[in-house]
Amino acid sequence: MRSFGACLKKDWIEWFKTGKFAVLTGSLVVLAIVVIIATLYFPSFYKFILSVAPSGLLQDLNTVNAMMTDLFPRETLASLGNLSANMGLFYTLIAVLLINWLLPKEISSGKWIFPKAVGIREHHLILSKSVACGLGTGLPAALVYIIYYLIARHLIADTYDLTSVLFNALLLFIVFYSAASITVICSVLYKYPVINAVTMALAVMILPDVLAFISIGKYFPTYLLTYVYSAETEMVDTIIPIAELVALQLILMFAAVMKSRKAEVAR
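These numbers come from a predicted model, not from an experiment. (Residues numbered from 1 in each chain as written. Predicted model: local features only at pLDDT ≥ 70, side-chain atom pairs only at ≥ 80, totals over all residues. Heavy atoms only, no water.)

> What is the right way to look at the packing of helix α4 (residues 76-99) against helix α8 (residues 162-189) in this model?
The relative placement of two packed helices comes down to the angle between their axes together with the axis-to-axis distance. Contact pair α4 / α8: the axes reach a minimum separation of 10 Å and the direction vectors enclose 20°. It follows that α4 is roughly parallel to α8 by the angle criterion. By crossing handedness, the relation of α4 to α8 is classed as right-handed. Between α4, through L80, M87, G88, Y91, T92, V96 and I99, and α8, the contact on the second element is made entirely by V165, L172, F176, A180, T183 and V184. For the contact of α4 with α8, a count of residues per class yields ten nonpolar, three polar and no charged. (Axes fitted to C-alpha atoms, helices over the stretch in contact; angles between N-to-C directions. Helix = DSSP H or I, 4+ residues; strand = E, 2+ residues; numbered from the N terminus. Parallel < 35°, antiparallel > 145°, perpendicular 65-115°, else oblique. Left-handed = near helix turned anticlockwise from the far one by under 90°. Contact = heavy atoms within 4.5 Å. Nonpolar A, V, L, I, M, F, W, Y, C, P; charged D, E, K, R; others polar.)

> Sorry if this is basic, but what is going on with the pattern of salt bridges here?
Any two side chains of opposite charge can pair if their charged atoms end up close together. Scanning all chains against the criterion turns up six salt bridges. With a closest N to O distance of 3.3 Å, K218 and D237 form a salt bridge. Linking K218 in the loop between α10 (207-211) and α11 (223-229) with D237 in the loop between α11 and α12 (239-266), this pair joins segments that are 19 residues apart in sequence. Exposure remark for K218: the relative accessible area of 28% places this residue in the partly exposed category. (Salt bridge = Lys/Arg side-chain N within 4 Å of Asp/Glu carboxyl O. Buried < 20%, exposed > 50% of the residue type's maximum accessible area, 1.4 Å probe, protein only.)

> I'm lost on the side chain of T222 in this one. Help?
The topology assignment puts T222 in the loop between α10 and α11. Take T222: its relative accessible area is 15%, and that puts it in the buried class. Setting aside residues no more than four positions away along its own chain, T222 makes contact with A203, L207, P208 and L211.

Structure representation (structure tokens):
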């Protein structure tokens with residue numbers, strides 16, 4: 001455990017020193033600002049456009065105005081749904097691109113040689129990197145989600161309760177922690193890291209919407225995002241997806257350690 005703790009401390013410090021924390025947190029803040037500005041000002045902007053538009057365009061503009069009002073309602077429940085959906089799209093992509101090549105670069109550059117020479121095992125190196133990246137990705141998402149609600153409730157109608165917000169924030173932490181952790185682990189399994197990046201990004205960005213239309217979709221890990229996007233209320237429905245995420249990470253971790261050991265023996 002001491003070697004794992006030392007590896008985790010090193011990876012956690014590197015997370016901040018290399019600017020990854022700043023990039024991910026900054027991207028979340030930008031997303032939050034864009035969502036709240038759109039919520040506050042898009043409806044008023046289109047009302048102004050309607051007031052000065054030629055009569056021939058009024059019908060089309062009214063349709064656009066109705067669509068904007070539906071997309072950006074001035075209430076916390078829907079606004080948090082917009083924020084979390086944008087996290088699922090853009091934050092996931094940014095995080096995967098930052099994380100995906102970390103372990104392959106360390107291995108190919110020989111950074112594992114010294115730690116392994118002093119007795120640190122492969123599973124400590126992989127696990128510490130996955131935990132550090134998971135925490136560094138999941139914590140900012142959960143915190144920005146909570147802070148957004150605490151600010152937005154004073155700017156628009158508060159139609160959500162703090163208990164649900166905190167639970168959703170926990171789910172976002174679990175989802176983004178797991179996405180980052182799995183990305184790190186699978187970067188050892190894939191021969192070409194770019195395939196891992198594309199697979200992981202598509203899984204988080206697209207599958208929640210696809211599986212939402214299938215009755216068994218709630219039994220997949222992606223349901224956790226659907227739960228947050230749609231402001232579901234049955235918390236018990238998240239137990240199976242969470243358990244699946246944990247099991248998936250354990251299985252992938254075992255496979256990654258076995259592959260790294262075989263590669264070492266082959267050398």
